[in-house]
Protein chains: 2
Amino acid sequence: MKLYDSRRAPNPRRVRWVMAEKGVQDVEIVEVDLLAGQHRTPDYRAKVGVPHVPALELDDGTCISESIAICRYLEHLYPEPNLFGRDAREQAVIEMWTRRCEFYLANPIMLNVRHTHPALAALEATQQPQVADYNRVSAERFMKTLDRHLAEHEFVAADRFTIADIVGVVGLDFARLVKYRPPEEFTHLARWLEACRARPAASAGM
Amino acid sequence: MKLYDSRRAPNPRRVRWVMAEKGVQDVEIVEVDLLAGQHRTPDYRAKVGVPHVPALELDDGTCISESIAICRYLEHLYPEPNLFGRDAREQAVIEMWTRRCEFYLANPIMLNVRHTHPALAALEATQQPQVADYNRVSAERFMKTLDRHLAEHEFVAADRFTIADIVGVVGLDFARLVKYRPPEEFTHLARWLEACRARPAASAGM
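Just so we're clear, the structure is a prediction, and the values are computed from it rather than from any experiment. (Residues numbered from 1 in each chain as written. Chains lettered and ligands numbered in written order. Predicted model: local features only at pLDDT ≥ 70, side-chain atom pairs only at ≥ 80, totals over all residues. Heavy atoms only, no water.)

1. Focus: the side chain of B:Thr162
Residues and elements named next belong to chain B. Within the element layout of this structure, threonine 162 appears in the loop between α5 (129–150) and α6 (163–174). You can call threonine 162 buried: its relative accessible area is 0%. If we ignore the near neighbours within four places in the chain, the residues touching threonine 162 are Leu83, Ile94 and Ala157. (Helix = DSSP H or I, 4+ residues; strand = E, 2+ residues; numbered from the N terminus. Buried < 20%, exposed > 50% of the residue type's maximum accessible area, 1.4 Å probe, protein only. Contact = heavy atoms within 4.5 Å.)

Structure (structure tokens):
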């Protein structure tokens, strides 16, 4: 298998972190230079179907884009440590929190950064400060919900570290590109963030 | 189990469609009036954790929000007809296409409608025509990709109808609120849309 990867981009980092947690060694990493537009070449588009990274190319030639689909596929091949849930109920709770962390935290942060960081101006037709602000406010609204939840839970979605934690931390870490720090009042969020960042696998893909 | 539902809202309709395909009868439907703000009451927020519909309340009191997490849980309880894939490879391809239909079609269409339809003005701080346009253009870019794919495939993600088709059709149908029709040049998209709309389960939740 081959992983089309891009260092420092947040969605590929989710996959690299999952691979590091599971000790996956037998996937070839192919670096795709986003700023040079390598994901927009005819070859890449013909292979993956869309100009996105990450993408996992299986040995039969099938290409899977979408980071969470890739991570769930890797969970099937490398079941331990379990990151997606051990039974249907736990899987549903973990998927719920993973989606919350993705849609209400990671996505608004990504839009904030894309509309703020000078080096990413090429990714948007026009960087709009009001879009950046709107998305920061949205992300902080969910941080408040998450902080309250983490006051009573060590991890986001289960009694252990899961894919939901990865999506949340990778989302927040991307904001470091624009020197953003979550509001200091979110002390439970800060405790959880530091614990997750201290994991050996956290530096994968950075 | 109880499903907190809202007629005509697109995300709850995904769940109702899945239930209808599977013939699920034993879930109590609880209507939540979004325009009256019933999803923002303290009781609802205490139960679900976030002001969102749909939510599935399990018999042990656990509440699952996020439509796709609910649908996957229902697939576990009611495995036939299969909508999420029969093996890990098929599951990955279906999840990839489901996410593409959600992020690049259904979500931009939802934002277009929310920034256009007079009755939905209350859901946004300010309806912005340029946000509506930006999202229509984004959705049409993915429609072009999907139209090309559907030139060679009967359904979006497998050799049969799956959750990816549901997410795509529900996304496009929501645009009917603002009298939107996909560009006529997308003839394969139109063929697929009509075939999916003709399914008996398609009217569930409308």
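2. What about the relation of the copies chain A and chain B?
If you rotate chain A by 180 degrees and push it 0.0 Å along the axis, it lands on chain B with an RMSD of 0.0 Å. The operation mapping one copy onto its partner corresponds to a two-fold rotation axis. When the interface residues of chain A are mapped onto chain B, 100% of them again lie at the interface, so the same face is used by both copies. (Least-squares fit on C-alpha atoms with pLDDT ≥ 70 in both.)

3. Remarks on a positive patch on the surface
Among the surface-exposed residues, A:Arg40, A:Arg45, B:Arg141, B:Lys144 and B:Arg148 lie close enough to one another that they form a single positively charged patch. Sorting elements by how many residues they give to the positive patch places α5(B) first, with three residues. (Patch = residues over 30% accessible without salt bridge, like charges linked within 9 Å, V, L, I, M, F, W, Y side chains within 5 Å. Areas by Shrake-Rupley, 256 points an atom, 1.4 Å probe, with all protein chains shown as cover. Salt bridge = Lys/Arg side-chain N within 4 Å of Asp/Glu carboxyl O. Lys, Arg positive; Asp, Glu negative; His and termini not counted. Charge placed at Lys NZ, Arg CZ, Asp CG, Glu CD.)

4. Topic: the packing of α5(B) against helix α7 (residues 187–197) of chain B
Two measures define how a pair of helices packs: the angle their axes make with one another and the distance between the axes. All names here are of chain B. Packing of α5 against α7 leaves a shortest axis separation of 7 Å and a crossing angle of 75 degrees. Classified by the interaxial angle, the pair formed by α5 and α7 is roughly perpendicular. Here Met143, Leu146, Asp147 and Leu150 of α5 lie close against α7, whose contacting residues are Thr187, His188, Leu189, Arg191 and Trp192. Taken together, the residues of the contact of α5 with α7 break down into five nonpolar, two polar and two charged. (Axes fitted to C-alpha atoms, helices over the stretch in contact; angles between N-to-C directions. Parallel < 35°, antiparallel > 145°, perpendicular 65-115°, else oblique. Nonpolar A, V, L, I, M, F, W, Y, C, P; charged D, E, K, R; others polar.)

5. Regarding the interface of chain A and chain B
If you look at the interface, chain A gives 33 residues, while chain B gives 33 residues. When chain A packs against chain B, close to 2,700 Å² is buried across both sides, 53% of that on carbon and sulfur atoms. The partner of B:Glu66 in a salt bridge is A:Arg99, with the nearest N and O atoms 3.0 Å apart. Remark: the boundary between chain A and chain B carries 16 residue pairs in polar contact (both at pLDDT 80 or more). Of all the secondary structure elements, the ones that give two or more residues to the side of chain A that touches chain B are α2 (42–48), β4 (63–65), α3 (67–77), α4 (88–114) and α5 (129–150) of chain A. Take the side of chain A that touches chain B: its biggest share by element is eleven residues, from α4(A). Looking at the side of chain A that touches chain B residue by residue, the classes come out as 15 nonpolar, seven polar and eleven charged. (Buried area = accessible area lost by both parts, 1.4 Å probe. Polar contact = N/O pair within 3.5 Å; in protein donor to acceptor, adjacent residues only side chain to side chain.)

6. Considering the packing of α4(A) against α5(A)
Residues and elements named next belong to chain A. In the contact formed by α4 and α5, the axes pass within 7 Å of each other and the chain directions differ by 150 degrees. The two elements α4 and α5 cross, and the hand of that crossing is left-handed. Contact residues: α4 offers Trp97, Arg100, Cys101, Tyr104, Leu105, Pro108, Ile109, Leu111 and Asn112, while α5 offers Ala132, Asp133, Asn135, Arg136, Ser138, Ala139, Phe142, Met143, Leu146 and His149. Here the contact of α4 with α5 is composed, by residue class, of twelve nonpolar, four polar and three charged. (Left-handed = near helix turned anticlockwise from the far one by under 90°.)

7. Description of helix α1 (residues 10–22) of chain B
All names here are of chain B. Taking 1.5 Å as the rise per residue, α1 with 13 residues should run 18 Å; its terminal C-alpha atoms sit 19 Å apart, in good agreement. Counting buried residues along α1, eleven of its 13 residues qualify, which places the element largely inside the surrounding structure. Looking only at α1, the buried set comprises Pro10, Pro12, Arg13, Arg14, Val15, Arg16, Trp17, Val18, Met19, Glu21 and Lys22. Just downstream of α1 lies glycine 23, where phi reads positive at about 65 degrees. (Expected span 1.5 Å × (residues − 1).)

8. Some thoughts on the side chain of B:Glu95
By the secondary structure assignment, B:Glu95 is in helix α4 (residues 88–114). Residue classification places B:Glu95 among the buried residues on the basis of a relative accessible area of 7%. Other than its neighbours up to four places away in sequence, B:Glu95 contacts A:Ile68, A:Ala69, A:Arg72 and B:Arg72.

9. A closer look at unusual backbone geometry
The omega angle of the peptide bond from B:Val53 to B:Pro54 is 0 degrees, so this bond is cis rather than trans. Tracing the sequence through the fold places B:Pro54 in the loop between α2 (42–48) and β3 (55–57). Residue B:Pro81 is reached from B:Glu80 by a cis peptide bond, and omega for that bond is -10 degrees. Summarising the element assignment, B:Pro81 is placed in the loop between α3 (67–77) and α4. The backbone of A:Glu66 shows a phi angle near 80 degrees, a positive value even though the residue is not glycine. Judged by relative accessible area, A:Glu66 falls into the buried class, the value being 6%.

10. Let's talk about α7(B)
All names here are of chain B. Buried residues of α7: Leu189, Trp192, Leu193 and Cys196, and no others. Axial view of α7: buried residues confined to an arc of 100 degrees, hence all on one face. Buried residues along α7 sit in contact with α1, α5 and α6. (Arc of directions from axis to C-beta.)

11. Considerations on the UniProt feature "domain: GST N-terminal" (unreviewed entry) in chain A
UniProt tags residues 1–82 of chain A as "domain: GST N-terminal" (unreviewed entry). Taken as a whole, residues 1–82 of chain A contains 38% helix and 17% strand, while its terminal C-alpha atoms sit 21 Å from one another. (UniProt positions renumbered as here; feature names shortened; annotations may be inferred.)

12. With respect to the nonpolar core
In this structure, A:Trp192 and B:Trp192 are the most contacted members of the largest nonpolar core, which totals 116 residues. Apart from residues lying up to four places away in sequence, A:Trp192 is in contact with A:Leu146, A:Leu150, A:Glu154, A:Phe155, A:Val156, A:Asp165, A:Gly168, A:Val169 and A:Leu172. (Core = buried A, V, L, I, M, F, W, Y, C linked by side-chain atoms within 4.5 Å.)

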